[in-house]
Amino acid sequence: MKVRAAISLLLVGGCAWSNSLYQARLLSGNAVQAERERRPAEAQQLWGQVMIKADSAYARDPQGMRGAEALWLAGHAAAKINDCPHAIPRLQSAMSAGFSAPWRQQLLFELALCEEPLGGPTAASLYATLIASTNDPLIARRARLRLGHALIIREDWSGALTILASDDTLPAHLDRATALAAFGRTDQALRELERPLAEADTSVRWLGLVEAFAAHPGGAADALLERLLAFPNVGVELKSRWLLEGARTALAVDAAAADRRLQLLATRGSGGATAEGRVLQQQLLLTRSASLPALRRAVDSLSRTELSDDGGGVRVLADLLRIARQLINRTDAISAGAVAGDLAMFGLAAQAQDSLGAPRLSAWFFQRLEREWPQSAYLAKAMLARAPNEPDSTDAILARVRRLSTNPYVSAANGDVAGMVRVTQLEDSLGRYVDRMWAGRPERQ
């Protein structure tokens with residue numbers, strides 16, 4: 001009786017396992033059919049049930065091909081509902097066990113899709129494996145297209161252009177445009193976008209392309225924006241967002257283009273992007289200040305302007321105004337040739353550069369040190385600090401620094417031991433002074 005009971009239990013357990021796997025297969029087929037018949041909500045529900053049944057089947061018997069199939073079904077279902085954190089470990093384990101399984105190619109593709117957004121090398125490696133191992137031209141083409149996109153995510157622009165060179169699909173054109181723009185070949189990139197631009201295709205993530213184009217000087221970014229702003233089926237706010245991002249990105253490479261776009265943006269109603277653009281223009285008044293008088297004029301102008309509440313941008317502007325007023329007040333309290341005035345200029349220059357984000361104003365403070373404290377031991381240091389913010393004058397500044405042979409910083413750079421000792425002392429004094437300065441207690445040590 002005990003033997004029969006044990007056999008019965010085994011049979012029941014086996015039937016339960018087999019039934020779970022059978023149901024997972026059946027539900028998977030039903031989910032595929034629901035997708036084909038465009039019933040996405042029902043398909044998602046069915047895929048969730050597939051996961052439950054397949055996980056149950058695997059828990060009962062994780063060994064052999066049936067265990068691998070249960071893992072595959074569970075991972076496949078998780079991938080279908082965009083649950084890649086659950087899909088990846090199941091698909092990886094199924095891949096290790098199911099070397100000759102009929103579903104292996106689909107598994108490789110779905111595992112690569114889940115790995116793709118992570119940006120690592122795994123997705124590209126899986127797509128390459130699939131391309132090399134499949135005899136199905138449709139699967140190979142899909143894998144090649146995804147491989148190109150995976151390389152775009154990894155910023156392997158050359159590799160992406162090579163892989164996608166002969167593909168005429170929309171995704172390939174978009175990825176080639178992204179890669180070409182990254183290389184600064186924006187005119188060629190614009191040609192890749194001719195079809196979706198002509199069709200006013202709103203399914204394209206145009207914002208990323210605007211940013212890629214605007215990161216380089218030239219007329220291609222303006223040409224792209226002009227085409228986008230003519231789309232008849234896009235609202236004002238989205239178009240304004242394109243303009244704003246085109247301006248923000250251009251600030252580092254083409255200030256004139258950034259200003260043109262901000263001026264155009266200011267004419268486009270009162271939406272969120274327009275308000276952000278207006279605040280950005282106000283911030284630029286401060287951060288572009290090249291002297292204390294210019295900073296004072298900017299502060300006076302902004303003090304007469306009512307700041308609308310657009311959230312974070314206004315808070316940033318308010319912080320910049322506070323820092324600017326602090327710089328003005330502290331500078332006004334320092335007279336030419338004052339004791340420790342050279343140290344104060346360093347503190348003010350650092351505040352202008354690091355807190356206000358105004359490199360030209362920072363250079364102005366170093367220039368003032370050079371004019372009004374010409375015998376300062378910190379003269380060479382100030383000139384060297386100014387040079388990167390005045391690229392047109394860098395060579396001339398460095399040549400003048402080299403002539404200051406008795407300055408401790410120059411002699412230390414030339415290997416003089418006494419100069420090195422003196423520089424250590426100077427740096428310690430400067431650090432302590434600036435710390436006290438911004439704590440409200442400037443002292444010369």
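Quick caveat: nothing in here was measured; it's all calculated off a predicted structure.

Engineer: Looking at this structure, how should I read the overall build of the chain?
Structural biologist: Of the regular secondary structure elements, the chain holds 24 helices and zero strands. Against the 2.2 N^0.38 benchmark of 22 Å for 445 residues, the chain shows a C-alpha radius of gyration of 32 Å, more extended than a compact globule. When its C-alpha atoms are laid out on the principal axes, the chain stretches across 105 × 60 × 40 Å. Residues classed as buried in the chain amount to 44% of the 445 residues present.

Engineer: Where do I start with the side chain of His 173 in this structure?
Structural biologist: For His 173, the location among the structural elements is in helix α9 (residues 170–182). Take His 173: its relative accessible area is 14%, and that puts it in the buried class. If sequence neighbours within four positions are ignored, His 173 has contacts with Asp 168, Glu 192 and Arg 195.

Engineer: Quick question: what am I supposed to make of the state of the cysteines here?
Structural biologist: Should the sulfur atoms of two cysteines be covalently bonded, the bond is a disulfide. Scanning all chains against the criterion turns up one disulfide. Covalent S-S linkage joins Cys 84 and Cys 114, the inter-sulfur distance amounting to 2.1 Å. Between Cys 84 and Cys 114, the S-S torsion sits near -80°, and that sign places the bridge as left-handed. Here Cys 114 lies in helix α5 (residues 104–115) and Cys 84 lies in helix α4 (residues 84–97), a separation of 30 residues in the sequence. Residues Cys 84 and Cys 114 agree in their burial class; the two are buried.

Engineer: Explain the nonpolar core here, please?
Structural biologist: A general tendency of soluble globular proteins is for nonpolar side chains to be buried together. Membership of the largest hydrophobic core comes to 79 residues, with the highest contact counts inside it found for Leu 193 and Trp 206. Looking at this core, the element that brings in the most residues is helix α3 (residues 64–80), giving nine residues. With sequence-adjacent residues up to four places away left out, Trp 206 is seen in contact with Leu 193, Pro 196, Leu 197, Asp 201, Leu 224, Leu 228, Phe 231 and Trp 242. With 49 residues, the next largest nonpolar core counts Ile 323, Ile 328, Tyr 378 and Ile 397 among its residues.

Engineer: Whenever I open this one, unusual backbone geometry confuses me. Can you help?
Structural biologist: Note: most residues except glycine have negative phi, and most peptide bonds are trans. Positioned with a positive phi, Asn 82 is a non-glycine residue whose angle comes to about 60°. Mapped onto the elements of the fold, Asn 82 is located in the loop between α3 and α4. For Asn 82, a relative accessible area of 68% translates into the label exposed. The backbone phi angle of Ala 340 is positive, close to 70°, even though this residue is not glycine. Relative to the helices and strands, Ala 340 resides in the loop between α18 (312–332) and α19 (341–355). The buried category is assigned to Ala 340, whose relative accessible area is 7%.

Engineer: Can you walk me through the layout of surface pockets in this structure?
Structural biologist: Here the idea is plain: a probe the size of a water molecule rolls over the atoms and shows the empty space left. The calculated volume of the largest pocket comes to roughly 400 Å³. If you trace the largest pocket, you find 15 residues lining it, with Lys 80, Phe 109, Glu 110, Leu 113 and Arg 142 closest to the centre. Going through the elements one at a time, α3, α5 and α7 (137–153) are the ones with two or more residues in the lining of the largest pocket. Counting residues per element, the lining of the largest pocket draws most heavily on α5, which supplies six residues. In terms of lining, the second largest pocket is formed by 13 residues, of which the most central are His 149, Asp 175, Thr 178, Arg 205 and Leu 209. Put simply, the parts of the chain that give the lining of the second largest pocket at least two residues each are α7, α9 and α12 (206–214). Each residue belonging to the lining of the second largest pocket can be placed in one class, and the counts come to seven nonpolar, three polar and three charged.

Engineer: Before we go on, may I ask you to explain the environment of Asp 428 in this structure?
Structural biologist: Looking at the element boundaries, Asp 428 is found in helix α24 (residues 417–438). The spacing of Asp 428 and Val 234 is 194 residues in sequence and 59 Å in space, taken between C-alpha atoms.

The rules behind the values
Residues numbered from 1 in each chain as written. Predicted model: local features only at pLDDT ≥ 70, side-chain atom pairs only at ≥ 80, totals over all residues. Heavy atoms only, no water. Helix = DSSP H or I, 4+ residues; strand = E, 2+ residues; numbered from the N terminus. Rg over C-alpha atoms; globule rule 2.2 N^0.38 Å. Buried < 20%, exposed > 50% of the residue type's maximum accessible area, 1.4 Å probe, protein only. Contact = heavy atoms within 4.5 Å. Disulfide = S-S within 2.5 Å. Core = buried A, V, L, I, M, F, W, Y, C linked by side-chain atoms within 4.5 Å. 1 Å grid on protein atoms, 1.4 Å probe; cavity = no way out; pocket = protein on both sides within 12 Å on 5 of 7 lines; lining within 4 Å. Points joined across faces, edges and corners; volume = space filled by probe spheres on them. Nonpolar A, V, L, I, M, F, W, Y, C, P; charged D, E, K, R; others polar.

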